[in-house]
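Descriptive analysis of the structure
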Amino acid sequence: MFYEAFQSAINDVDGSIDPKEIKEAWIGSLKTGGAQLGNLAPLLIEQVGLAGMPACSIENACSSSAYAFRYAYMAIKSGICDITLAGGVEKMNDLPRERNRYWLGVSGDVEWERLAGTNFPGVYAMMALRYMHEHGMKRERLAEVAVKNHKNGARNPDAQFRSEISLERALRAPMLAYPLTVFDSCPITDGAAVAILCRGDLASKYTDTPIRVIGSGAASDYLAIHDRKDLTTVAAAQKAADEAYKQAGVKPKEVDLAEVHDCFTIAEIMAYENCGFAGKGKGGELIKNGETEIGGKIPVNAGGGLKSKGHPIGATGVSQIYEVVKQLKGEAREKTRQVKGAEIGLTHSVGGSGGSACVHIFRR
Amino acid sequence: MTSYVSIPQYSNTIDQRYRLIAKKCKSCEIINFPPRQTCLECGSADFQNVKLSGRGRIYTFTIIGRGGAPTEFDDLQNMTGEYAVAIIELEEGPKVVAQLTDCHSNPNEIKIGMEVKAVIRRLYEQERIIRYGYKFKPIADG
Ligand SMILES: [Zn+2]
């Protein structure tokens, strides 16, 4: 799987690149299979034929490969490397159900949160209910996020679920953790993603349409949700976005499209606010008015999001970057998904229930 | 498969789990619970123990659907099916995550703001030792 993603990244370079030109790699994974817990990155790099190259595994829950990308970017910025690789991989489908339930719960606070009996959907469900309570948002808004992301994913050849769902069906689906149904949640996914980064002044050697990283922000927060003052926002994502915007020198209204971390539908609503597309408590209005649809004011998750494209935990961060880069190059797979004339794109990645977050801004 | 909190590690938190002993910050006076290395508010590491009343209000909650619980709670779900988990805002200030007990796991019967109090119940079993700790029950129910 990682080999396939690697080959596809190499082939996707407009010019040509010798894989040996890559100087170092960072690879995100939660290692949910548990088959290779230590030293995963050297194994993967060896398997793509680059044994000997420095390679490092990054684990920051669901934001693992967003962080891998950040370090690959920083290595170039520091002047140490000219070309680096950021990737991610997760294999979840061949695990028995109870092992998946085990792995999925280890990215929040274990001692006082998980061992009180709550699971991941439960944590986001409690955030959703508090959000609805404080901001008077209706459950329909959550379901609308799922409907939109399925609609986009249905047209993405890389998506796991390629079927549309109706609002009615999303609302009537079985409860996973009240008020969230199975359609408010992302699926269990196998996947891999690879990005190749290059120093800005060398990029013209490989492509005529380089996409530049103009902002990279990251932040952390209290791991346990009971230690957070406000449960209706993801403070780490807010900080990461603020930092990325500051570096990029752009304003939220200048962003043409965003891929955000919709592990649960409520997370996308909060992401609208953390990325500055909506004011606090107003995220629901954005989806209600269709502003985040393709063709709307700020298309969000044109690739289908985690919801429909799938959420292979360690690979998700780079897979969001892949979608944004393709969109900015005007090469979205399946033309009906192309956001026309997009110049500035944003990726928003959240680890666990908000313990870590990483935001990148790109410009064509 | 279970996430592992060893018996000694669990025993170290018996004061919190059975008796709700919290850490009051000597510098800013806020109450930290569950205990932390440094104060949530000011970062100080200087605390004194205080006992919490165990009374509080539901800040938010959820109902964990059938078959979705963390694996440690499989036995519980086999017996009771879905169950309610809440964040409780204790009257002394801190928030805790805990199961609700002695009430129906029905979203129409549980309300944000509802008064609850702590009771000691069986949480889960690991290494053949039953782990007990606090759950919360509605005060109106007695
Ligand atoms: Zn303090």
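Residues numbered from 1 in each chain as written. Chains lettered and ligands numbered in written order. Predicted model: local features only at pLDDT ≥ 70, side-chain atom pairs only at ≥ 80, totals over all residues. Heavy atoms only, no water.

Moving on to the overall build of chain B. When you go through chain B residue by residue, the secondary structure sums to 3 helices and 8 strands. Over its C-alpha atoms chain B spans a radius of gyration of 16 Å, differing by no more than 12% from the 14 Å that the globule rule assigns to 142 residues. For chain B, the spread of C-alpha atoms along the three principal axes comes to 45 × 35 × 25 Å. In chain B, the share of contacts with a sequence separation of at least 24, taken over all contacts with a separation of at least 6, comes to 52%. A total accessible area of about 6,800 Å² is found for chain B, and carbon and sulfur atoms account for 45% of it. The positive charge centre, built from 19 side chains, and the negative charge centre, built from 17, are 3 Å apart in chain B. (Helix = DSSP H or I, 4+ residues; strand = E, 2+ residues; numbered from the N terminus. Rg over C-alpha atoms; globule rule 2.2 N^0.38 Å. Contact = heavy atoms within 4.5 Å. Areas by Shrake-Rupley, 256 points an atom, 1.4 Å probe, with all protein chains shown as cover. Lys, Arg positive; Asp, Glu negative; His and termini not counted. Charge placed at Lys NZ, Arg CZ, Asp CG, Glu CD.)

A few words now on the overall build of chain A. From N to C terminus, chain A includes 12 helices and 10 strands. At 19 Å, chain A has a C-alpha radius of gyration in line with the 21 Å of a compact globule built from 364 residues. Referenced to the eigenvectors of the C-alpha coordinate spread, the extents of chain A come out at roughly 55 × 45 × 35 Å. The burial tally for chain A puts 61% of its 364 residues in the buried class. Long-range pairs, those at least 24 residues apart, make up 75% of the contacts in chain A between residues at least 6 apart in sequence. On chain A, roughly 13,500 Å² of surface is accessible, and the fraction owed to carbon and sulfur atoms is 50%. Of note, chain A has its 43 positive side-chain charges centred 3 Å away from the centre of its 43 negative side-chain charges. (Buried < 20%, exposed > 50% of the residue type's maximum accessible area, 1.4 Å probe, protein only.)

With that settled, the discussion passes to the side chain of Asn149 of chain A. Residues and elements named next belong to chain A. Looking at the element boundaries, Asn149 is found in helix H6 (residues 139–153). Engagement of the side chain of Asn149 in a polar contact is seen with the side chain of Glu268, the distance being 2.8 Å. Setting aside chain neighbours within four positions, we find Asn149 in contact with Asp262, Glu268, Val300, Asn301, Gly304, Lys307 and Ser308. (Polar contact = N/O pair within 3.5 Å; in protein donor to acceptor, adjacent residues only side chain to side chain.)

What follows deals with the coordination of the zinc ion. All names here are of chain B. Taken together, Cys25 (SG), Cys28 (SG), Cys39 (SG) and Cys42 (SG) make up the protein donors of the zinc ion, found 2.3 Å from the metal. One can describe the site at the zinc ion as tetrahedral: its 4 donor atoms subtend angles covering 103 to 115° at the metal. Expressed as a motif, the donor residue spacing for the zinc ion is C-x2-C-x10-C-x2-C. Of this pair, Cys28 sits in the loop between strand S1 (21–25) and strand S2 (31–32) while Cys42 sits in the loop between S2 and strand S3 (47–51), and the two are 14 residues apart along the sequence. You can call Cys42 partly exposed: its relative accessible area is 38%. (Donors = N, O, S within 2.8 Å, 3.2 Å for Na, K, Ca; no water. Tetrahedral: all angles 85-135°; square planar, octahedral: opposite > 155°, others 65-115°.)

Okay, the interface of chain B and chain A next. With 42 residues of chain B in contact, the opposing surface of chain A contributes 33 residues. Approximately 3,400 Å² of surface area, both sides summed, lies buried where chain B meets chain A, with 60% of it carried by carbon and sulfur atoms. For the pair chain B and chain A, the number of links is 3 salt bridges. In this structure, Glu41 of chain B and Lys229 of chain A form a salt bridge, with 3.1 Å as the shortest nitrogen-oxygen distance. In this assembly, chain B and chain A are joined by 14 residue pairs in polar contact (both at pLDDT 80 or more). Elements that contribute at least two residues to the side of chain B that touches chain A include exactly helix H2 (14–19), strand S4 (55–64), strand S5 (83–90), strand S6 (95–99) and strand S7 (115–126) of chain B. Taken together, the residues that form the side of chain B that touches chain A break down as 24 nonpolar, 12 polar and 6 charged. (Buried area = accessible area lost by both parts, 1.4 Å probe. Salt bridge = Lys/Arg side-chain N within 4 Å of Asp/Glu carboxyl O. Nonpolar A, V, L, I, M, F, W, Y, C, P; charged D, E, K, R; others polar.)

On to the sheet that holds strand S7 (residues 212–220) of chain A. Backbone hydrogen bonds are what pair the strands of a sheet, in a parallel or an antiparallel way. Residues and elements named next belong to chain A. Strand order in the open sheet formed by 4 strands is S7-S10-S9-S8, with mixed pairing between adjacent strands. With one partner strand each, in any of the chains shown, S7 and strand S8 (257–259) form the two edges of the open sheet. Averaged over neighbouring strand pairs, the angle between their axes works out to 15° when direction is ignored. Inspection of the sheet shows S8 paired to strand S9 (residues 344–351) by 3 bridges, in the parallel sense. Across the sheet, the residue bridging to Ala258 is Leu346, located in S9. (Pairing = 2+ DSSP bridges. Axes fitted to C-alpha atoms, helices over the stretch in contact; angles between N-to-C directions.)

With antiparallel pairing, 3 strands are arranged side by side in an open sheet as S2-S1-S3 (chain B). The outermost strands of the open sheet, each flanked by one partner alone, are S2 and S3 of chain B.

Before going further, it helps to spend a moment on the packing of aromatic side chains. Taken as a whole, this structure holds 9 aromatic pairs over all chains when the rule is applied. For the ring pair Trp112 of chain A and Phe33 of chain B, a centre distance of 6.4 Å and an interplane angle of 55° mean the geometry is tilted. Note that Trp112 of chain A is positioned in the loop between helix H4 (97–104) and helix H5 (120–135) and Phe33 of chain B in the loop between S2 and S3, a pairing that runs across two chains. With respect to class, Trp112 of chain A is no different from Phe33 of chain B; both count as buried. The ring of Tyr59 of chain B is capped by Arg130 of chain A, whose NZ or CZ atom sits 3.7 Å from the centre of that ring. (Phe/Tyr/Trp six-rings, centres within 6.5 Å; stacked < 30°, edge-to-face > 60°. Lys NZ or Arg CZ within 6 Å of the ring centre and 35° of its normal.)

Residue and element names in this part refer to chain B. With 7 of 10 residues buried, strand S8 (residues 129–138) is to be regarded as a mostly interior element. By the bridge criterion, 10 bridges tie S7 to S8 in an arrangement that is antiparallel. From the neighbouring strand, Lys117 faces S8, where its bridge partner is Lys137. Taken together, S7 and the strand that follows it, S8, pair antiparallel across an intervening segment of 2 residues, in which Glu127 is found at a positive phi of about 50°.

All names here are of chain A. Across all of its chains, the model carries 29 salt bridges over all chains by this definition. Here Glu293 and Lys151 are joined by a salt bridge, their closest N and O atoms 3.1 Å apart. Of the two residues, Glu293 sits in the loop between helix H10 (283–288) and helix H11 (305–309) while Lys151 sits in helix H6, which places them 142 residues apart along the sequence. For Lys151, a relative accessible area of 31% corresponds to the partly exposed category. For the salt bridge of Glu259 with Lys309, the shortest nitrogen-to-oxygen distance reads 4.0 Å.

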